[in-house]
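# Tertiary structure, described
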Amino acid sequence: MTRKGVTDEQYRKLHKRLKDLERRLEEGTLPFDATMERIQCAIEDEDEDRPVPEDRDWTVTVDYAVPIDDLFARITKERRVEHVACFLKAKYFPCQPGLVSATLGLKFVDFKRPVSLTDATERLARYRHRPVTLHEMEAFSDRYRDLIHFYPIVALGSPWRDQSHVWFAPWAFHGAHSWCFDLVPIKPYALRRFLVAHM
């Protein structure tokens, strides 16, 4: 039998140890409460990096075929936007071929502790979460702009490297007076909450 991440021999050893544990608990040679606490600690340690999804889905319609310059120009004209970085342009973040428009549900997930942006994409992928792209972040920020007051959003799905070979990601946050769109260096920063789509 094929098991993900464990061989048949490893599974037999695990099964034997579990039977020994059950026997010793029945005999009373192991303290039940202390044993259960150690088992629980082992399970929690294994899953300590699991991001916890929030209950609500946030529905957005994303215009993937519209150049990001045009999208930012529209929201800048329609609403008060404090800042849009000069590098957030189609020249650096082109539209993806084959994508036109789609409605999808986005969700916040919480690691319960800060996770570096460098590691976040891989850790999210383990649990079938995909970080949002720049187009998706713009659509979310446009529809649910009040949330930026509380939660900065990083579009790790659209990384960009400058001429100095430093990796950045677009992000949306609330500045001194209104919302801002800028680039954040991926390496030194960490967040605990990420906006994601399902893979």
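For the structure, see preceding data.
Now for a look at the structure at hand. (Residues numbered from 1 in each chain as written. Predicted model: local features only at pLDDT ≥ 70, side-chain atom pairs only at ≥ 80, totals over all residues. Heavy atoms only, no water.)

Our focus in this paragraph is the overall build of the protein chain. The number of helices and strands found in the protein chain is five helices and 10 strands. Evaluated residue by residue, the protein chain yields a buried proportion of 33% over its 199 residues. When contacts within the protein chain are restricted to residue pairs at least 6 apart in sequence, those whose partners lie at least 24 apart make up 74%. Surface summary for the protein chain: the accessible area is close to 12800 Å², and the carbon and sulfur share equals 53%. (Helix = DSSP H or I, 4+ residues; strand = E, 2+ residues; numbered from the N terminus. Buried < 20%, exposed > 50% of the residue type's maximum accessible area, 1.4 Å probe, protein only. Contact = heavy atoms within 4.5 Å. Areas by Shrake-Rupley, 256 points an atom, 1.4 Å probe, with all protein chains shown as cover.)

With that out of the way, let us pick up the side chain of Asp-110. Mapped onto the fold, Asp-110 is located in strand β4 (residues 101-116). On the accessibility criterion, Asp-110 (8% relative accessible area) is buried. A polar contact of 2.7 Å, which involves the side chain of Asp-110, links it to the backbone nitrogen of Lys-112. (Polar contact = N/O pair within 3.5 Å; in protein donor to acceptor, adjacent residues only side chain to side chain.)

Time to look at the packing of aromatic side chains. Throughout the structure, instances matching the rule amount to 14 aromatic pairs. With 5.1 Å between their ring centres and 45 degrees between their planes, Phe-140 and Tyr-144 make a pair best called tilted. Here Arg-193 stacks its cationic end above the ring of Phe-108, 4.5 Å away from the centre of that ring. Note that Arg-193 overlies the ring of Tyr-151, its terminal NZ or CZ placed 3.5 Å from the centroid. (Phe/Tyr/Trp six-rings, centres within 6.5 Å; stacked < 30°, edge-to-face > 60°. Lys NZ or Arg CZ within 6 Å of the ring centre and 35° of its normal.)

Looking now at the pairing of strand β8 (residues 167-174). Judged from the two bridges that link them, strand β6 (residues 153-154) and β8 form a sheet pairing that is antiparallel. Bridge pairing links Val-154 to Trp-171 in β8. With seven bridges joining them, β8 and strand β9 (residues 179-185) adopt antiparallel strand pairing. Residue pairing in the sheet places Pro-170 in a bridge with Leu-183 of β9. (Pairing = 2+ DSSP bridges.)

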